[in-house]
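Listed below are the residues making up each chain.
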Amino acid sequence: MSNVRTAPRDYDVIAVGSGHHGLIAAAYLAKAGKRVLVLERHDYIGGGCVTKELAPGFLFDEHSTVHQVILSNPLLKADELGLKARFGLEYIYPDAPFASLFDDGSLLVSYRSVQATAQSIAQFSRQDADAYLRFCRMALQVHPLLEGALFSPAVPLGPMISMLSQSVEGNELLLMSLKSGLDIISEWFEHEKVRMHFVKLMTENLQTPEEKGTGLGALAMVGAVHATGLGLPKGGSGQLTEALARCIAHYGGKILTARNVTRLLRTGRRVTGVETAEGARYMAQDAVIGAIHPHHLRRYFPDIDEGVLRRAERVQTATYSSLATHYALREPVRFRDSTGKAGGALLVELLPSRLESLQRAFDEYRYDRLPDPLPHFGVTQHSSHDPSRAPAGNAVFAALTFAPYNIDKRGGAHWDSLQETWPGWMLRDLQKWLTNLEPGNIIASRSYSPLDLERSSSSFVRGDIHGAAPFFHQMNGHRPTPDLAHYTVPGVERFYLVGPFMHPGAGLTGAGRATAMRILQDLEIDFGKVIA
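Residues numbered from 1 in each chain as written. Predicted model: local features only at pLDDT ≥ 70, side-chain atom pairs only at ≥ 80, totals over all residues. Heavy atoms only, no water.

Would you mind showing me how to read the overall build of the protein chain here?
When helices and strands are counted, the protein chain shows 18 helices and 19 strands. Relative to the compact-globule value of 24 Å for 532 residues, the protein chain shows a C-alpha radius of gyration of 23 Å, a close match. Here the protein chain holds 532 residues, and 60% of them are scored as buried. For the protein chain, the proportion of contacts with a sequence separation of at least 24, taken over those separated by at least 6, is 74%. For the protein chain, the accessible surface area stands at approximately 20,100 Å², while carbon and sulfur atoms represent 50% of it. Side-chain charges in the protein chain split into 54 positive and 55 negative, and the spacing between the mean points of these groups amounts to 4 Å. (Helix = DSSP H or I, 4+ residues; strand = E, 2+ residues; numbered from the N terminus. Rg over C-alpha atoms; globule rule 2.2 N^0.38 Å. Buried < 20%, exposed > 50% of the residue type's maximum accessible area, 1.4 Å probe, protein only. Contact = heavy atoms within 4.5 Å. Areas by Shrake-Rupley, 256 points an atom, 1.4 Å probe, with all protein chains shown as cover. Lys, Arg positive; Asp, Glu negative; His and termini not counted. Charge placed at Lys NZ, Arg CZ, Asp CG, Glu CD.)

Structure representation (structure tokens):
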């Protein structure tokens, strides 16, 4: 062990990984007066919440981009860490959060205004427009309840079901939770384009339209669109990361990059520090936080209860993953849109005109096949809303579609053999909805397959950017398993889990707040006083 360099015992809390969840937990603890160290294996911070340069002056969000769930988190809603008031985080809120452009040129737009959205729906169905007003009343009534449950440690699933079962309204929510998104939307709306408009937004959460146990998302997403809107961080999604880094530094914390933690140090049951691949050791007086995916738990804790490990290893990832290409363009894209309004939406879903076509695409993913042609996309052109993203007159444009990780049952590594071809398929198939996305307009591009996603973050197992599928049996007090849902590992002391695979899930949520609450509770520090 003579080659091991021991660092001074200078830290109270060490966070392994600098994804936004870990940074948030670290920031709350730093604000609580703890001496915090964040160690990141990459040479940049942010994990899946990072903005990079595609070409000189062209800024793109490598993974997470449009912010939704996190906007309801008290972290931002109450600005508990001062990220907006003190540390430079600023959001842009377009009037049209998302729209659906169909391949026949028709367009349906969801606006911040409920009435304006209903008017857009009315062009397809007056009955659906009236139903939307009723659906929104329900969604906005429930939104505060969902908001309160999402951003604190999860309630165990049994008591939650028991509580919901005590009232007519609670039973309705429980029933929605057990159904699929398509079930719920089909009960409320009759026109297939209206149905597609809402169902496709739900699939951004990597859940298929007919996946049982995901239906409550329909209510939650619609409520959020009108309660908070969809937000675009000015200067890039990575500005959330940068604001968190400034917050941690302000409270005396430190972030070190290019530090690959390979081992957790323990004294008996208690985790006391970490060791990096280079042999450096960093010790923690109070706690270590780690974004350790359930599938990787055995690597760090091989000696704990075998049942805990087996249950962690059978956590299910999403049915499908993503394909994404980012473009630096000489001029903004033009949509084949008969109304001319598509460009005003923050997120545009490019869809077929038939619901059956969309459903069949998800059937293909379920059988590990890639549809040909690619039948749908979600696209953004952030430079239209945030001019700082690209030089004047130019644009940044991103297109995302879905794909299986294990394509044609050949294993994830098969994507490497397709890396020179699938971006061309994407460019070809986008032409159905766009007029000028052609080689002459493209300055630079960068593409990510499901395998690329898995390589970019230890949380993105099998290309699942949310870490674990949002199925009912893996949510709330069962996320990712009942053993791990309390942010701790049974048989281990002073180690805490953080990441997208923890409650409330679904990617960019700010879930690190709940981890911080649990740590502060164990340290007998009043969370209310920390955020006061």
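Just to check I follow, could you spell out the pairing of strand β8 (residues 107-110) for this structure?
Residues in a regular strand point their side chains to alternate faces of the sheet. Alternating residues of β8 divide into Leu-107 and Val-109 and Leu-108 and Ser-110, and every residue in both groups is buried. Pairing of strand β7 (residues 96-102) with β8 involves four bridges; the strand directions are antiparallel. When the sheet's bridge partners are listed, Leu-101 is paired in β8 with Leu-107. (Pairing = 2+ DSSP bridges.)

Would you explain the pairing of strand β5 (residues 58-61) in this entry?
Alignment of strand β4 (residues 51-55) against β5, held across four bridges, turns out to be antiparallel. For Thr-51, the partnering residue across the bridge sits in β5 and is Asp-61. What sits between β4 and β5 in their antiparallel hairpin is a turn of two residues, with Gly-57 showing a positive phi close to 90°.

I tried to follow the side chain of His-67 on my own but got confused; where do I start?
Among the secondary structure elements, His-67 is positioned in the loop between β5 and α2 (74-77). Within the structure, His-67 has its side chain in polar contact with the side chain of Tyr-91 (distance 2.7 Å). Excluding its chain neighbours within four sequence positions, the residues that come into contact with His-67 are Tyr-91, Gly-229, Leu-230, Gly-231, Pro-233, Ser-237, Leu-240 and Leu-508. (Polar contact = N/O pair within 3.5 Å; in protein donor to acceptor, adjacent residues only side chain to side chain.)

What exactly am I supposed to notice about the sheet that holds strand β14 (residues 321-329) here?
What the seven strands build is an open sheet, ordered β8-β7-β15-β16-β17-β14-β18; its pairing is mixed. Each end of this open sheet is capped by a strand with a single partner; those strands are β8 and β18 (442-448). Within the sheet, the average angular offset between the axes of one strand and its neighbour, ignoring direction, is 20°. (Axes fitted to C-alpha atoms, helices over the stretch in contact; angles between N-to-C directions.)

Help me understand the packing of aromatic side chains in this model?
Note on aromatic pairs: each is described by the distance of the centres and the angle between the planes. The tally for this structure, following the rule as stated, stands at 18 aromatic pairs. Centroid distance Tyr-28 to Phe-527: 5.5 Å. Interplanar angle 45°. Geometry classified as tilted. Highlighted residues: Tyr-28 in helix α1 (residues 20-31) and Phe-527 in helix α18 (residues 527-531), separated in sequence by 499 residues. Judged on exposure class, the residue Tyr-28 and its partner Phe-527 are both buried. Between Tyr-320 and Phe-402, the ring centres sit 4.7 Å apart and the planes meet at 45°, which makes this aromatic pair tilted. In this pair, Tyr-320 sits in the loop between α12 (306-313) and β14 while Phe-402 sits in strand β17 (residues 395-403), placing the two residues 82 residues apart along the sequence. An aromatic cluster of three or more residues is present, and its members are Tyr-132, Phe-135, Trp-188, Phe-189 and Phe-198. Directly above the aromatic system of Tyr-44 lies the positively charged group of Lys-52, at a separation of 4.1 Å from the ring centroid. (Phe/Tyr/Trp six-rings, centres within 6.5 Å; stacked < 30°, edge-to-face > 60°. Lys NZ or Arg CZ within 6 Å of the ring centre and 35° of its normal.)

Honestly, unusual backbone geometry in this entry has me stumped. Any pointers?
Excluding glycine, residues mostly have negative phi values, and the peptide bonds linking residues are mostly trans. The residue after Arg-479, namely Pro-480, is reached through a cis peptide bond having omega -5°. Mapped onto the elements of the fold, Pro-480 is located in the loop between α16 (450-456) and β19 (495-497). The step from His-503 to Pro-504 runs through a cis peptide bond, and the omega angle for that step is 5°. Among the structural elements, Pro-504 can be located in the loop between β19 and α17 (512-522). For Asp-408, which is not a glycine, the phi torsion comes out positive at approximately 55°. In this fold, Asp-408 is placed in the loop between β17 and α14 (414-417). Exposure remark for Asp-408: the relative accessible area of 39% places this residue in the partly exposed category. Phi angles above zero are rare outside glycine, and Arg-462 is one such case at about 55°. Tracing the backbone shows Arg-462 in the loop between α16 and β19. Judged by relative accessible area, Arg-462 falls into the partly exposed class, the value being 36%.

Explain the nonpolar core to me, please; I cannot follow it from the model alone.
One recurring pattern in soluble globular proteins is that nonpolar side chains are buried together. Counting residues in each nonpolar core, the largest one holds 52 residues, and the members touching the most others are Phe-189, Phe-198 and Leu-219. Ranked by the residues each element gives to this core, the list is headed by helix α4 (residues 126-150), at nine residues. Counting 39 residues, the second-largest nonpolar core is a separate cluster that includes Cys-49, Leu-71, Leu-244 and Ile-248. (Core = buried A, V, L, I, M, F, W, Y, C linked by side-chain atoms within 4.5 Å.)

Quick question: what am I supposed to make of α1 here?
With 12 residues, α1 extends 16 Å between its outermost C-alpha atoms, agreeing within 8% with the 16 Å of an ideal straight helix rising 1.5 Å per residue. The buried count for α1 comes to 11 of 12 residues, which makes it a mostly enclosed element. When α1 is considered as a whole, its buried residues turn out to be His-20, His-21, Gly-22, Leu-23, Ile-24, Ala-25, Ala-26, Ala-27, Tyr-28, Leu-29 and Ala-30. (Expected span 1.5 Å × (residues − 1).)

In this structure, what is going on with the state of the cysteines? I would like to understand it.
A disulfide bridge is the covalent bond that connects two cysteines by way of their sulfur atoms. The final tally for this structure, using the stated rule, is zero disulfides. Cys-49 carries a free sulfur, and the closest cysteine sulfur to it, the one in Cys-247, is 15 Å from it. Exposure remark for Cys-49: the relative accessible area of 1% places this residue in the buried category. (Disulfide = S-S within 2.5 Å.)

Quick question: what am I supposed to make of the environment of Gly-105 here?
By secondary structure assignment, the location of Gly-105 is in the loop between β7 and β8. Along the backbone, Gly-105 and Lys-432 are 327 residues apart, and their C-alpha atoms lie at a distance of 9.6 Å. What Gly-105 contacts, discounting residues up to four positions off in sequence, is Arg-336, Asp-337 and Ser-338.

Before we go on, may I ask you to explain the pattern of salt bridges in this structure?
For side chains of opposite charge, pairing can occur when their charged atoms come near one another. Scanning the model with the defined rule gives 31 salt bridges in all. Ionic pairing is found between Asp-130 and Arg-126, a salt bridge with its closest N-O pair at 3.3 Å. Of this pair, Asp-130 and Arg-126 both sit in helix α4, separated by four residues, roughly a single helical turn. We classify Asp-130 as partly exposed; its relative accessible area is 35%. Three or more residues joined by partner-sharing salt bridges are found here, namely Arg-298, Glu-306, Arg-310 and Glu-313. (Salt bridge = Lys/Arg side-chain N within 4 Å of Asp/Glu carboxyl O.)

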